[in-house]
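# Coordinate inspection notes
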Amino acid sequence: MKALLSHGEKALSLLERLALILSGTALLIMGAIVTASVIGRQVANAPIPDDLIMVGLLMVCVIALPLAYIESQRGHIAVTVTTNWLPPRALALLQAFGSLIMLIFFGAIGYMVAQRLPREIAQGTYYDGTLEILTWPMKVVFAVGIILFAIRLLVSIGQHLHTAITGRLHGRPADSHPEEV
Amino acid sequence: MDPLSVGIIALGATLVLLALRVPIAAALGITAAIGIFIIFAWRPGSAFTPEFAWRPTLSLIGNGPYSFITGFSLSTVPLFILMGHLAYEAGFTTDIYRAARLWLARLPGGVAMASVVGCGGFSAITGSSVACAAAMGRIAIPEMLRFGYSKALASGSVAIGGTLGSLIPPSILFILFGVFAEQSISALFIAAIIPGLISLGAYLVVIYCWARLRPAAAPPPNEEIPRAERWQALGRCWAIVALFVVVIGGIYGGVFTPTEAAGVGAFATLALGLLLGRLSFSKIVAALKESVFQSSMIFAIAIGGKIYVSFIALTGLSGAITEWITQADVSMFMVLAVIVLLYLLLGMFLDPIGIILLTLPLTIPIVEGYGLSLIWFGVVVIKLLEIGLVTPPIGLNVFVIKSIVGDKVRLETIFLGIAAFLIAEVFVLGAILGLPDLSLWLPSLL
């Protein structure tokens, strides 16, 4: 069972890193599209068609794909000053609660976006523009990002509950904290 | 149930969730979603009918966040973040600091002044205070400590200098303010230039006075700097000047929009770094990784905030507060004083983005009600948020500096170092509040 969990954790970390690479690449492409479009417009009065739509859609990669990795690094910002005085077990319980709330909120967003996917794929809906870019591919990316995030949140909840029950930190350095504000 | 009551209860619930360590993104989002559900399910004078509420609530959750993040105007945020990280990795930040240090070395507290000037220069190409403090802290603090500067002055000057990151354009906070308050981002950027420069000047005055009153806190460096070396260091700053001119000149020269400026700026930094041989593959990867990490973290909060803003509008809470203020015949100055105190208080505990998203739906209608300029108000809010970055118990910039200096400087010492600068902040804030033309003169020339 332990070996299975360890393999699962490794696979999840690998997927999170892959998502991070895709996200970084998308950011680079966003900059390239904007620059090429500005140069095209100034030099030849020919901006890249649908540049605004493409850049907007690439934002989905930049925002949704790293969410799981951020959670794995305890990077989502929370107010910690009000609870720092609590013993580790109580803190872990609160952290599990925080992750659960994140899971419900982002899970609901992901579910609502994913729910519309089959219809959009079947209808082949696209953005109004020269290139008629399909709406669904980036929604798939968004859903994948949220699913990955949801899995990581489940893992976090499990780890926090484990700490709350046993009093021992699970696979993390003892000084790891969420991003403090 | 009365939507107003739902709004008030939800506001309280948000604060409770935040205090319970629930991440800001989820605390804002979940209370807003539940609040919207209750408003639709429990209309005033009717029984609780949840079937009326599922559709509008889920529709808002399903459409709002996705449309929000695919909006072109917000693509500015990750691209400006990338620009700052690329500039740091390329060593452009070090260039500004080094030039400032060599030129200001002879002045009392010259090395600390150089740190603040370096922060000001780096602010011109990065939009984040934390990034500014982190970048300059790594370079300047070890050097100040090496020259025998007091720990309080060394750490405090960089922590406060870092706050310029969000005041001097480009600025992520101004972009978010512009988007949520529906104000021109170009106007906000240009409005902050004079207040930003005044802040920088005030910090330099504090350092000068500090060094004059307590010379042991800032011993003059025992080094002879040849004139040629100083000019050479200044010459090396051309890249950063060029990038600033490209970004700001491009926006106000009408070549591109502020949103496009971020993309062009990021790409120009990348191109310049590669051309000068100062960016390797690993450095670009590091910059990209940091940029997407920060962007995603910010947008997770913004997604929650977006739903929260819609919810507050639905409750009519902001309208009710405005009406109450009108009926109570409270003077504008009193209201402004309360708003200032509110932001200062929240700044002690919350991060700037969370505060913006939590408060703007409430404060903007009030400020608009008095016929005050939202551009000016934007500058005031960002200045207040910047002060919040260095005030105890939770000063984000202070924690950033602490993470850099480790055990060498105690947290209390950094806060102590900032105290003197906070006196200057009172005067600067007073000037921004009392003289709106400081913020509105430059936009009026556009």
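What you are looking at is a predicted structure, and each value in this text was computed from that prediction instead of being measured. (Residues numbered from 1 in each chain as written. Chains lettered and ligands numbered in written order. Predicted model: local features only at pLDDT ≥ 70, side-chain atom pairs only at ≥ 80, totals over all residues. Heavy atoms only, no water.)

## Looking at the overall build of chain A
Each helix and strand counted, chain A has 6 helices and 0 strands in total. Put simply, chain A runs from its N terminus to its C terminus through helices and strands in the order α-α-α-α-α-α. Expected size for 181 residues packed as a compact globule is a radius of gyration near 16 Å; at 20 Å, chain A overshoots this value by more than 25%. For chain A, the C-alpha atoms occupy an extent of roughly 65 × 35 × 30 Å along the three principal directions. Residues classed as buried in chain A amount to 46% of the 181 residues present. Restricting to contacts in chain A with at least 6 residues of sequence separation, those with at least 24 account for 75%. By element, 69% of the accessible surface of chain A is carried by carbon and sulfur atoms, the whole surface being about 8800 Å². Of the charged side chains in chain A, 12 are positive and 11 negative, and the gap between their average positions amounts to 12 Å. (Helix = DSSP H or I, 4+ residues; strand = E, 2+ residues; numbered from the N terminus. Rg over C-alpha atoms; globule rule 2.2 N^0.38 Å. Buried < 20%, exposed > 50% of the residue type's maximum accessible area, 1.4 Å probe, protein only. Contact = heavy atoms within 4.5 Å. Areas by Shrake-Rupley, 256 points an atom, 1.4 Å probe, with all protein chains shown as cover. Lys, Arg positive; Asp, Glu negative; His and termini not counted. Charge placed at Lys NZ, Arg CZ, Asp CG, Glu CD.)

## Quick word on the interface of chain A and chain B
Contacts between the two partners involve 60 residues from chain A, matched on the other side by 55 residues from chain B. For the pair chain A and chain B, the summed buried area comes to about 5100 Å², and 78% of that belongs to carbon and sulfur atoms. Taken together, chain A and chain B are joined by 1 salt bridge. Counting the contacts that link chain A with chain B gives 10 residue pairs in polar contact (both at pLDDT 80 or more). For the side of chain A that touches chain B, the secondary structure elements donating two or more residues are helix H1 (2-44), helix H2 (51-64), helix H3 (67-72), helix H4 (88-115) and helix H6 (136-166) of chain A. Sorting elements by how many residues they give to the side of chain A that touches chain B places H4(A) first, with 14 residues. Residues belonging to the side of chain A that touches chain B are distributed by class as follows: 39 nonpolar, 17 polar and 4 charged. (Buried area = accessible area lost by both parts, 1.4 Å probe. Salt bridge = Lys/Arg side-chain N within 4 Å of Asp/Glu carboxyl O. Polar contact = N/O pair within 3.5 Å; in protein donor to acceptor, adjacent residues only side chain to side chain. Nonpolar A, V, L, I, M, F, W, Y, C, P; charged D, E, K, R; others polar.)

## Describing the nonpolar core
Counting residues in hydrophobic clusters, the biggest one holds 202 residues, and the most contacted among them are Phe106(A), Phe142(A), Tyr149(B), Tyr343(B) and Phe377(B). With 16 residues, helix H16 (residues 281-315) of chain B is the largest single contributor of residues to this core. In contact with Tyr343(B), not counting residues within four places along its chain, are Ile355(B), Thr359(B), Leu360(B), Thr363(B), Phe377(B), Val381(B), Leu384(B) and Leu385(B). Counting residues in hydrophobic clusters, the runner-up holds 6 residues, among them Ala99(B), Ala105(B), Ile225(B) and Cys237(B). (Core = buried A, V, L, I, M, F, W, Y, C linked by side-chain atoms within 4.5 Å.)

## Description of the state of the cysteines
Disulfides are covalent bonds that link the sulfur atoms of two cysteine residues. Residues and elements named next belong to chain B. In this structure the tally under the stated criterion is 0 disulfides over all chains. Lacking any disulfide linkage, Cys 119 is separated from the closest cysteine sulfur, that of Cys 132, by 4.2 Å. Note on Cys 119: relative accessible area 0%, which makes it buried. (Disulfide = S-S within 2.5 Å.)

## Description of a nonpolar patch on the surface
On the surface, Phe97(A), Leu100(A), Ile104(A), Val16(B) and Leu20(B) cluster together into a nonpolar patch covering about 380 Å² of accessible area. The biggest single contributor to the nonpolar patch is H4(A), with 3 residues. Residue placement: Val16(B) occurs in helix H1 (residues 3-19). (Patch = residues over 30% accessible without salt bridge, like charges linked within 9 Å, V, L, I, M, F, W, Y side chains within 5 Å.)

## Regarding the pattern of salt bridges
Under the definition given, this model contains 11 salt bridges over all chains. Between Glu260(B) and Arg41(A) there is a salt bridge, with the nearest N and O atoms lying 2.8 Å from each other. Here Arg41(A) lies in helix H1 and Glu260(B) lies in helix H15 (residues 258-275), a pairing that spans two chains. The partly exposed category is assigned to Arg41(A), whose relative accessible area is 27%. Among the salt bridges present, the one from Glu229(B) reaches Arg98(B), with a minimum N-O distance of 3.0 Å. Of this pair, Glu229(B) sits in helix H13 (residues 227-235) while Arg98(B) sits in helix H5 (residues 92-104); the two residues are 131 residues apart in sequence, bridging distant segments of the chain. Given the relative accessible area of 33%, Arg98(B) is considered partly exposed. One connected set of salt bridges, linked through shared partners, spans Glu9(A), Glu16(A) and Arg152(A).

## A short note on the packing of aromatic side chains
Think of a pair of aromatic rings as described by two things: how far the centres are apart, and how the planes are tilted against each other in angle. Scanning the entire structure with this criterion turns up 14 aromatic pairs over all chains. A cation over a ring is seen here: Arg230(B) above Trp103(B), with NZ or CZ 5.3 Å from the ring centre. (Phe/Tyr/Trp six-rings, centres within 6.5 Å; stacked < 30°, edge-to-face > 60°. Lys NZ or Arg CZ within 6 Å of the ring centre and 35° of its normal.)

## Structural notes on the side chain of His160(A)
Residue and element names in this part refer to chain A. Its place among the elements puts His 160 in helix H6. Of the residues examined, His 160 reaches a relative accessible area of 6% and is grouped as buried. Sequence-distant contacts of His 160, that is, excluding residues within four places in its chain, are made with Arg 74, Ala 92, Gln 95, Ala 96 and Ser 99.

## Quick look at the side chain of Thr31(B)
Residue and element names in this part refer to chain B. Inspection of the secondary structure assignment puts Thr 31 in helix H2 (residues 24-41). A polar atom in the side chain of Thr 31 sits 2.7 Å from the backbone oxygen of Ala 27. If near-sequence neighbours (up to four positions away) are discounted, Thr 31 is found in contact with Ala 10, Ala 13, Thr 14, Leu 17, Ala 26 and Tyr 308.

## A few points about helix H12 (residues 193-213) of chain B
Compared with the 30 Å implied by 1.5 Å per residue over 21 residues, the 30 Å span of H12(B) between its first and last C-alpha is a close match. Residues of H12(B) that are buried include every one of Pro195(B), Gly196(B), Ser199(B), Leu200(B), Ala202(B), Tyr203(B), Val206(B), Ile207(B), Trp210(B) and Ala211(B), and no others. (Expected span 1.5 Å × (residues − 1).)

## Focus: the packing of H12(B) against helix H22 (residues 411-434) of chain B
Residue and element names in this part refer to chain B. One can describe the packing of H12 onto H22 by two numbers: an axis separation of 9 Å at closest approach and a directional angle of 145°. In terms of crossing hand, the pair formed by H12 and H22 is right-handed. For the pair H12 and H22, contact is made by Pro 195, Ile 198, Ser 199, Ala 202, Tyr 203, Val 206, Ile 207 and Trp 210 and by Gly 417, Ala 420, Phe 421, Ala 424, Glu 425, Val 428 and Ile 432, respectively. Of the residues in the contact of H12 with H22, the class split is 12 nonpolar, 2 polar and 1 charged. (Axes fitted to C-alpha atoms, helices over the stretch in contact; angles between N-to-C directions. Left-handed = near helix turned anticlockwise from the far one by under 90°.)

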